[in-house]
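One letter stands for each residue in the lines below.
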Amino acid sequence: MRTPTVDFAHRTPYDEYVGTDVLHALLRPRTDEPEEPAFLVTTQVMELYFGLIRTELELAVRRLDEDDAAGATAVLRRVTRYLGVLTAAWSALGTLTPPRFNAFREKLGEASGFQSAMYRHVEFLLGNKSEPMTRPHRGSPETYRELLAALRAPSLYDAVLALLSRSGHPIPAATLTRDPADPYEPSPVVEAAWVRVYTELGPGDTLWELAEALTDVAERFSEWRHRHLMAVRRTMGAKIGTGGSSGAGWLERTMGRDVFPELWSARTAM
Ligand code: HEM
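The notes below deal with the structure included here.

So, how was this worked out
- Residues numbered from 1 in each chain as written.
- Predicted model: local features only at pLDDT ≥ 70, side-chain atom pairs only at ≥ 80, totals over all residues.
- Heavy atoms only, no water.
- Helix = DSSP H or I, 4+ residues; strand = E, 2+ residues; numbered from the N terminus.
- Contact = heavy atoms within 4.5 Å.
- Areas by Shrake-Rupley, 256 points an atom, 1.4 Å probe, with all protein chains shown as cover.
- Patch = residues over 30% accessible without salt bridge, like charges linked within 9 Å, V, L, I, M, F, W, Y side chains within 5 Å.
- Salt bridge = Lys/Arg side-chain N within 4 Å of Asp/Glu carboxyl O.
- Buried < 20%, exposed > 50% of the residue type's maximum accessible area, 1.4 Å probe, protein only.

**Side note on the overall build of the chain**
So, point 1. Counting its regular elements, the chain contains 13 helices and zero strands.
So, point 2. Listed by position from the N terminus, the elements making up the chain come as α-α-α-α-α-α-α-α-α-α-α-α-α.
So, point 3. Dimensions of the chain, computed from the C-alpha atoms along their principal axes, are close to 60 × 60 × 35 Å.
So, point 4. Summarising the internal contacts of the chain: among those between residues at least 6 apart in sequence, 70% fall at separations of at least 24.
So, point 5. With an accessible surface of roughly 14800 Å², the chain has 56% of that area assigned to carbon and sulfur atoms.

Spelled out as structure tokens, the structure:
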């Protein structure tokens, strides 16, 4: 039986590939409180996943633009898995009580996940466009430029609707030619197109598979948002957030905005 190689002249190939020294050096808690490292690692892991999901959603848009609905669906199935990991990661904060959170919360200053540019990229790609959400990044010109580009570019949902239109489903011109930076307005005609996809097509058809993959992504994304809200309520009740918002109440309001809205409303009409 062969045993693993143990002789390396320098850093192991694993360390070189993973960048372990840089990675672990990034864990810099601001207190000695035993709960803070898990809070920071969970945030860092989620941030990495936001970046991964952003890259994948951009790939899905390219596939749709190439009329490759099956290719986009395969990407979205991966995204669904990543969102599942993101949601499961909340578990690490499940034992954090308000007094234990208070022990290091002050040291976060004004830092809040609300200021995550990567999360905002994901939201813009999913179709939740909002110019005010770009404003926290005006002090970081490169990040701000990229985020504005994402705001102004068609979202994944815009790309899906363009593909539906090219596939012969009537989609209103006003929907297809809207300024992609504006908040999306749901349309009864788009809803009717989804009703047709579900009632006239079925498993194995590329548009039906795409619709279900999008629904999975939307559902998992809502799950992440819901678990976040529960973590907030559990660790800080209805206090004001470090980012300055009214906290749980503000989050409940943002959660009210479904991604891919007609894919949900169409279900009532089937
Ligand atoms: C105990 C844990 C946490 C608490 C109490 C908490 C609290 C909050 C609050 C109150 C907000 C609203 C903005 C504000 O006023 O700050 C917020 C937003 C946000 N948080 Fe957290 N958070 C927690 C963990 C996390 C983690 C681990 C992440 C992962 C990166 C995260 C990502 C976000 C994001 C992306 C937003 C913006 C949501 C939106 O715009 O709809 N949070 N958080």
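**Concerning a nonpolar patch on the surface**
So, point 1. A cluster of nonpolar residues, Tyr 14, Tyr 17, Val 18, Val 22, Leu 23, Leu 26 and Leu 48, forms a patch on the protein surface that exposes about 780 Å² of accessible area.
So, point 2. Here the nonpolar patch gets three residues from one element, more than from any other, and that element is helix α1 (residues 13-18).
So, point 3. On the basis of relative accessibility, which here comes to 41%, the residue Leu 23 falls in the partly exposed class.

**Regarding the pattern of salt bridges**
Close approach of charged atoms allows side chains with opposite charge to pair.
So, point 1. Tallying each qualifying case throughout the model produces 17 salt bridges.
So, point 2. A salt bridge links Arg 77 to Glu 209; its shortest N-O distance comes to 2.7 Å. Remark: Glu 209 occurs in helix α11 (residues 206-236) and Arg 77 occurs in helix α4 (residues 69-88); sequence separation between them is 132 residues.
So, point 3. As a salt-bridge pair, Glu 212 and Arg 267 come within 3.0 Å of each other at their nearest N and O atoms. With Glu 212 in helix α11 and Arg 267 in the segment after α13 (261-265), this pair connects stretches of sequence that are 55 residues apart.
So, point 4. For Glu 212, a relative accessible area of 25% translates into the label partly exposed.
So, point 5. Owing to a relative accessible area of 30%, Arg 267 belongs among the partly exposed residues under this scheme.
So, point 6. Salt bridges sharing common partners tie together Glu 33, Glu 35 and Arg 100.

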